[in-house]
Amino acid sequence: MNAHVARCLSFAFVFSASSAFALDLKSDDLNYTITVPGTWTVKSQDQTGFYIVGQDAQNRKREVSLVTMPTHFARFDSSYIANFEQVLKKVHNLELVSSRVFTNDGVPAYENIQRIGKAPVASVKVEHQIFAEGRLYQLDSVVIGGDATQDSEMQAGLASFHFLHAPKRSGVFGFGSLGVSVAILGVIIAGVLLAIRSRRA
């Protein structure tokens with residue numbers, strides 16, 4: 001086998017493996033792309049986001065979801081973060097483990113890590129909030145009864161989330177009441193979903 005044929009076969013293997021073990025989700029309307037393991041199941045994908053599920057080696061349910069909502073008048077700054085984290089601290093059986101600000105395709109983004117519930121059934125969730133295109137993109141990953149920060153596939157999925165085209169930044173340097181409403185709404189939705197999942201478990 002000559003070197004040229006060997007290189008071609010090597011390329012074909014990588015391409016087929018990528019196709020078999022990776023799933024690319026894209027939305028032109030919401031201007032995003034994300035890559036997750038091909039063994040996961042896309043439960044829904046629509047004009048508001050997506051919901052994907054899988055299982056880990058311990059047969060625990062893994063979930064990655066995106067919810068978007070209009071936030072034309074919201075302001076993302078230190079006040080927003082402070083207010084959001086104050087709301088989190090008031091939620092029963094929820095602990096804010098850590099938080100940080102980073103950028104995604106040049107747009108400021110906010111990550112918070114939450115521990116929900118109590119041992120031995122506590123779940124550690126990673127939440128990303130990105131304000132762009134006049135929307136809040138809320139990207140969540142959680143292992144039911146596990147720790148999403150220790151799941152390499154979930155972390156790779158979060159890191160793969162990008163915009164298809166350079167996004168327009170939403171308002172920064174200021175804070176409106178809508179931002180508080182969005183924060184509170186997000187916590188309420190998360191609490192309701194967790195309660196439903198707990199009952200089904």
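The paragraphs below set out a description of the structure included in this document. What you see is a predicted model, and the numbers here were worked out from it, not measured in a lab. (Residues numbered from 1 in each chain as written. Predicted model: local features only at pLDDT ≥ 70, side-chain atom pairs only at ≥ 80, totals over all residues. Heavy atoms only, no water.)

**Notes on the pattern of salt bridges**
Convention followed: Take a side-chain nitrogen of Lys or Arg and a carboxyl oxygen of Asp or Glu: if they are within 4 Å of each other, that pair is a salt bridge. Partly exposed residues are those whose accessible area sits between 20% and 50% of the maximum for their type, while under 20% is buried and over 50% is exposed, using a 1.4 Å probe and protein chains only. A run of DSSP states H or I qualifies as a helix once it reaches four residues; a run of E qualifies as a strand once it reaches two. Both are numbered from the N-terminal end.
Within this structure, the stated rule accounts for eight salt bridges. Ionic pairing is found between K61 and E63, a salt bridge with its closest N-O pair at 3.4 Å. Given the relative accessible area of 3%, E63 is considered buried. The closest approach of N and O atoms between E153 and R62, which form a salt bridge, is 2.8 Å. Residue E153 is found in helix α3 (residues 152-159), and its partner R62 is found in strand β5 (residues 61-70); the two are separated by 91 residues along the sequence. Residue R62 is classed as buried on the basis of its relative accessible area, which comes to 6%.

**Considering unusual backbone geometry**
Trans peptide bonds make up most of the peptide bonds, and negative phi angles are found at most residues other than glycine. Unlike most non-glycine residues, N93 shows phi in positive territory, near 60°. Inspection of the secondary structure assignment puts N93 in the loop between α2 (78-89) and β6 (94-104). Not every positive phi belongs to a glycine, and E133 is a case in point at roughly 60°. Within the element layout of this structure, E133 appears in the loop between β8 (123-132) and β9 (135-143).

**Quick notes on the pairing of strand β1 (residues 22-27)**
Heads up, the rule is: Being paired, for any two strands, means DSSP has found at least two bridges between them.
Bridge analysis of β1 against strand β2 (residues 32-37) gives six bridges, and the strand direction is antiparallel. Residue pairing in the sheet places L25 in a bridge with I34 of β2. Hairpin connection between β1 and β2: a loop of four residues separates the two successive antiparallel strands, and N31 in this loop has a positive phi of roughly 60°.

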